[in-house]
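Structural overview
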Amino acid sequence: MTTLAIDGGTPVRSAPWPAWPPPASDEQRKLLAEVVDSGHWGATSGPLCEQLAAEFAGRHGAKHGIVLTNGTLALFVALRAAGVRPGDEVVVPAYTFVACATAVLLLGAVPVVADVDPGHLHLTAGTVRPALTERTRAVMPVHLAGSPAPLDELLALAAEHGLAVIEDSAQAHGASYRGRPVGSHGTAGTFSFQSSKAMTAGEGGLIVTDDDDLAARVWSACNVGRVRDGAWYHHAEVGWNLRMTELQAALLLPWLHRLDDEVAARDAFARQVAAGLAAADRPVAVVPQPDGTTADSRHLLMLRAAPGVDRDWVSRALEAEGVPVDAGYPPLGGLAPLQGLVRALPAPGAEGAAATVFWLRQPQLMAGPDGAGHVVAAAERVFGDDRAFPRG
């Protein structure tokens, strides 16, 4: 029997994983140099931010795009532009990043934390419906790990109750649902360009929408209350300086041109891992996509182990084999800083995920067939050991 690396054996992988973000391309370096030399570093003096907004929106099936500082503020601005006000309620998933709640809190509104489907880990109409009250104004489906949420049922429920739908697409650049890019199905869609994301400039955000009036409100909120083509010191609304810089846009524009190729590479990796784990017949599998997924951007690859897994031991054993994993999100409603600020419904689906799901990140997903083979081999070793599922 093979000796595990955690016990002194030879690890499955000793080579480093690809860097993320990857080294800047020649196109990125050229465009950055042009911006630096021009002296037009801010969005108010250069053309690249507007070009990025337009090209990104077009790539994601939307009429309007507005760039801004980061994904959290993109959620805040989109919700505000959609009419959410202090005291209103916004339904968010229990298995997601804390920014989904804190963006709502920035508005003085109340995050209502609803459970996720225990299989694919997204909001569904069934988990959202019990969270609705007369104060609910919006629903925030998160396209988790790059996998589209089941939008048909969520949009139908929102239409039934007159709610805005803000698609948190921070992890889903290039993903699509029933043949249409995510972000363009609801009232608005938000994206992030933080360092771990599928497109990154270190930080940055973008909002897409087909609604002309909402787009104007978003732009004004990000530009200290001004209106497009208005006077510099005319402030029609309350707004803030939430603008992206031309330097960030210079990093992102070339990335948009290679996005589809990278999505395809990650998806091939994920499919190879899923098939390999199924063939290995171990108590671990890839978390499935919701029905209707036509393109999964694979920001993360989520692996679910059987109940009773020793998460700490498995994480250490996989790390020793050269395959690092993350434990993923804790249930949002249980986070200590949010107590008294959110209304949290029971969330057995999120609690189950927090106990059994492991993440693989971008460096692994961009490692090609050899990397996928290493993940499968390490999982086969580790999950085949009795210590992975200790008997109490």
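Residues numbered from 1 in each chain as written. Predicted model: local features only at pLDDT ≥ 70, side-chain atom pairs only at ≥ 80, totals over all residues. Heavy atoms only, no water.

Per an unreviewed UniProt entry, the recorded name for the chain is dTDP-4-amino-4,6-dideoxygalactose transaminase, and the organism is Jiangella alba. Per its UniProt entry, the chain bears the Cofactor (unreviewed entry) comment "pyridoxal 5'-phosphate". (UniProt positions renumbered as here; feature names shortened; annotations may be inferred.)

What to know about the packing of aromatic side chains
A full pass over the atoms with the stated rule returns 8 aromatic pairs. On the numbers, 5.3 Å between centres and 75 degrees between planes, the contact of Y95 with Y329 is edge-to-face. Of this pair, Y95 sits in the loop between β2 (89-93) and α4 (99-106) while Y329 sits in the loop between α9 (311-320) and β13 (343-344), and the two are 234 residues apart along the sequence. Y95 gets classed as buried once you look at its relative accessible area, which sits at 1%. What makes Y329 buried here is its relative accessible area of 11%. Ring centres of F383 and F389 lie 6.3 Å apart, and the angle between their planes is 45 degrees; this geometry places the pair in the tilted category. With a relative accessible area of 4%, F383 lands in the buried category. (Phe/Tyr/Trp six-rings, centres within 6.5 Å; stacked < 30°, edge-to-face > 60°. Helix = DSSP H or I, 4+ residues; strand = E, 2+ residues; numbered from the N terminus. Buried < 20%, exposed > 50% of the residue type's maximum accessible area, 1.4 Å probe, protein only.)

Overview of the UniProt feature "active site" (unreviewed entry) in the chain
Mapped onto this numbering, the UniProt entry annotates "active site" (unreviewed entry) at K197. Along the chain, the position of K197 falls in the loop between β8 (188-192) and β9 (205-209). When neighbours within four sequence positions are excluded, K197 is seen to be in contact with W20, A170, Q171, H173, S192, H299 and Q362. (Contact = heavy atoms within 4.5 Å.)

A look at the side chain of D296
With respect to the helices and strands, D296 occurs in the loop between β11 (293-295) and β12 (301-305). Within the structure, D296 has its side chain in polar contact with the backbone nitrogen of S147 (distance 3.5 Å). Only 3.1 Å separates the side chain of D296 from the side chain of Q289, close enough to count as a polar contact. (Polar contact = N/O pair within 3.5 Å; in protein donor to acceptor, adjacent residues only side chain to side chain.)

Some details on the state of the cysteines
Summed over all chains, the structure comprises 0 disulfides. Counting only cysteine sulfurs, C222 is the nearest neighbor of C100, a cysteine outside any disulfide, at a range of 18 Å. The thiol of C222 is unpaired, and the distance to the nearest cysteine sulfur, on C49, comes to 11 Å. (Disulfide = S-S within 2.5 Å.)

What about helix α2 (residues 48-59)?
For α2, spanning 12 residues, the distance from its first C-alpha to its last is 16 Å, which sits close to the expected 16 Å at 1.5 Å a residue. Within the sequence span of α2, burial applies to L48, C49, L52, A53, F56 and A57. Down the axis of α2, the smallest arc covering the buried residues is 160 degrees, so these residues share one side. Along α2, the residues that are exposed and aim more than 90 degrees away from the buried face are A54 and G58. Residues of α2 that are buried sit in contact with α1 (26-38), β1 (64-68), β8, β9 and α8 (246-280). (Expected span 1.5 Å × (residues − 1). Arc of directions from axis to C-beta.)

Structural notes on the UniProt feature "modified residue: N6-(pyridoxal phosphate)lysine" (unreviewed entry) in the chain
Under the UniProt annotation, "modified residue: N6-(pyridoxal phosphate)lysine" (unreviewed entry) lies at K197. Classification of K197 by relative accessible area gives buried; the value is 11%.

Details of the environment of A279
By the secondary structure assignment, A279 is in helix α8. The exposure class assigned to A279 is exposed, which follows from its relative accessible area of 67%. Between the alpha carbons of A279 and Q248 there is a distance of 43 Å; along the sequence they are 31 residues apart.

Structural notes on unusual backbone geometry
Looking along the chain, the bond that leaves W20 and enters P21 is cis, with omega of 0 degrees. Backbone geometry at D229 places phi at a positive 65 degrees, although glycine is not the residue there. Here D229 lies in the loop between α7 (212-222) and α8. Residue D229 is classed as exposed on the basis of its relative accessible area of 84%.

Points about the sheet that holds β9
In spatial order, the strands read β1-β9-β8-β5-β4-β2-β3-β13; together these 8 strands make up an open sheet with mixed pairing. The sheet terminates laterally at β1 and β13, the two strands that pair on one side only. As paired strands, β2 and strand β3 (residues 110-114) are joined by 5 bridges and run parallel to one another. Looking at the pairing, V91 lines up with V112 of β3. In this fold helix α3 (residues 71-81) packs onto β1, β2, β4 (136-139), β5 (164-168), β8 and β9, with an angle of close to 165 degrees to the strand it touches most, β8. Sitting on the sheet, α4 touches β2, β3 and β5, and the angle it makes with β3 is about 155 degrees. (Pairing = 2+ DSSP bridges. Axes fitted to C-alpha atoms, helices over the stretch in contact; angles between N-to-C directions.)

Regarding the pairing of β4
Along any regular strand the residues' side chains alternate between the sheet's two faces. Bridging between β2 and β4 involves 3 bridges; their strand directions are parallel. Paired with V91 across the bridge in β4 is V139. In terms of strand pairing, β4 meets β5 through 2 bridges, oriented parallel. What sits directly across from A138, in β5, is A164. Crossover connection from β4 via helix α6 (residues 151-161) to parallel β5: handedness right-handed. (Right-handed = clockwise from strand over helix to strand, strands pointing away.)

Considerations on empty space enclosed by the protein
Counted according to the given criterion, the structure contains 2 cavities of 30 Å³ or more. Lining the largest cavity are 14 residues, with S147, V287, D296, R298 and M302 sitting closest to its centre. Contributing to the lining of the second largest cavity are L303, L318, V323, V325, L360, V375, A379 and F383. The element that contributes the greatest number of residues to the lining of the second largest cavity is helix α12 (residues 368-383), accounting for 3 residues. Considered class by class, the residues forming the lining of the second largest cavity number 8 nonpolar, no polar and no charged. (1 Å grid on protein atoms, 1.4 Å probe; cavity = no way out; pocket = protein on both sides within 12 Å on 5 of 7 lines; lining within 4 Å. Points joined across faces, edges and corners; volume = space filled by probe spheres on them. Nonpolar A, V, L, I, M, F, W, Y, C, P; charged D, E, K, R; others polar.)

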